[in-house]
Amino acid sequence: MSALNVKLVNLGLPKTGTTTLHHALTQAGWRAADHKVRRIHDPTPGKGGTYIARQLYNGYFETGDPFRHLDGLYDALTEISALNPSATLWPQCDYAMIKAMRLARPDMLFVATWRPAAETSDSMRRWNNLGEDRLPAGHIPGLPEGYGATDPQRIRWIEGHYAMLRDLFGDDPRYLELPVGAEDARDRLAAHVKMDMPWWGRLNENPETGPSGRNDKAETAKGAA
């Protein structure tokens, strides 16, 4: 196994800038995983190992170390949930999993990408049937099956998730809640990981117009060279 070990995990929810974080860390020279383990890196073929969430739970239940199957592959995990008819896995919402991560890696850095809950909920609603179909059909910590089909329900869940993280981490300097739309977001991330961020922008936005009339078509901002 190489010396490459996981040293940062994003606990933010989908549609909060996880793809932007992934691209920024990759441009800074880290190997980052977003949602899935790339096929060439899949250490457990045949065990549903392509999902980052599956690998985290495999390691946790087999050895107590969530990173057992991911060390040697990645520096950072930027989107760790999985939601489809065969898998509902949300490690970032699971208190026991987060505690196991902290115990397994005392120096681990955590980030929680953040956008205002109403914006996040609206983006979820319009993203590949996530908000109105897949979330209500899932079994997600804090969002039981049958809930999440409406903006008020999603907003309550989203706000509750970040409140849980704030309660859990308190003033722990290893944790950063990162408002991805803030003017100083790149500087905050750079200070947290203690390295330069050559790029910061916006990726993977919804391609249609939102209820407010704002065009949400993906628009990548140019980062510094």
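Bear in mind that the values here come from a model prediction, so they are computed numbers and not experimental data. (Residues numbered from 1 in each chain as written. Predicted model: local features only at pLDDT ≥ 70, side-chain atom pairs only at ≥ 80, totals over all residues. Heavy atoms only, no water.)

Novice: What am I meant to see in the sheet that holds strand β2 (residues 32–34) here?
Specialist: Sheets are built from strands that pair by backbone hydrogen bonding, the pairs being arranged parallel or antiparallel. Spatially, the five strands line up as an open sheet ordered β2-β3-β1-β6-β7, and their pairing is parallel. Strands with a single pairing partner mark the edges of an open sheet, and in this sheet they are β2 and β7 (175–179). Neighbour-to-neighbour, the strand axes of this sheet turn through a mean angle of 20°, independent of strand direction. Two strands pair when backbone bridges link them, and β2 and strand β3 (residues 76–79) are joined in this way by three bridges, in the parallel orientation. Bridge pairing in β3 links A33 to L77. Across the sheet, helix α6 (residues 151–169) touches β6 (109–114) and β7, and the angle it forms with β6 is around 155°. In the packing of helix α7 (residues 185–193) onto the sheet, contacts are made with β1 (8–10), β6 and β7, and the angle to β7 comes to roughly 165°. (Pairing = 2+ DSSP bridges. Helix = DSSP H or I, 4+ residues; strand = E, 2+ residues; numbered from the N terminus. Axes fitted to C-alpha atoms, helices over the stretch in contact; angles between N-to-C directions. Contact = heavy atoms within 4.5 Å.)

Novice: How should I be thinking about the packing of helix α4 (residues 117–126) against α6 in this particular structure?
Specialist: In a pair of packed helices, the angle between the axes and the distance between the axes together describe the arrangement. Where α4 meets α6, the axes come as close as 9 Å, and the angle between the chain directions of the two elements is 125°. Judged on the interaxial angle alone, α6 and α4 are oblique. Handedness of the crossing formed by α4 with α6: right-handed. Together, A117, A118, T120, S121, D122, M124 and R125 of α4 and D151, R154, I155, W157, I158 and E159 of α6 make up the contact between the two elements. Within the contact of α4 with α6, the residues separate by chemical class into six nonpolar, two polar and five charged. (Parallel < 35°, antiparallel > 145°, perpendicular 65-115°, else oblique. Left-handed = near helix turned anticlockwise from the far one by under 90°. Nonpolar A, V, L, I, M, F, W, Y, C, P; charged D, E, K, R; others polar.)

Novice: Could you clarify how one ought to interpret the packing of helix α3 (residues 95–104) against α6 in this entry?
Specialist: Two elements in contact, α3 and α6, have axes whose closest approach is 12 Å; the angle formed by their N-to-C orientations is 40°. For α3 against α6, the interelement crossing comes out right-handed. Counting all contacts with α3, which are made through Y95, I98 and R102, the residues of α6 involved are M164, L165, L168 and F169. Of the residues assigned to the contact of α3 with α6, the class counts are six nonpolar, no polar and one charged.

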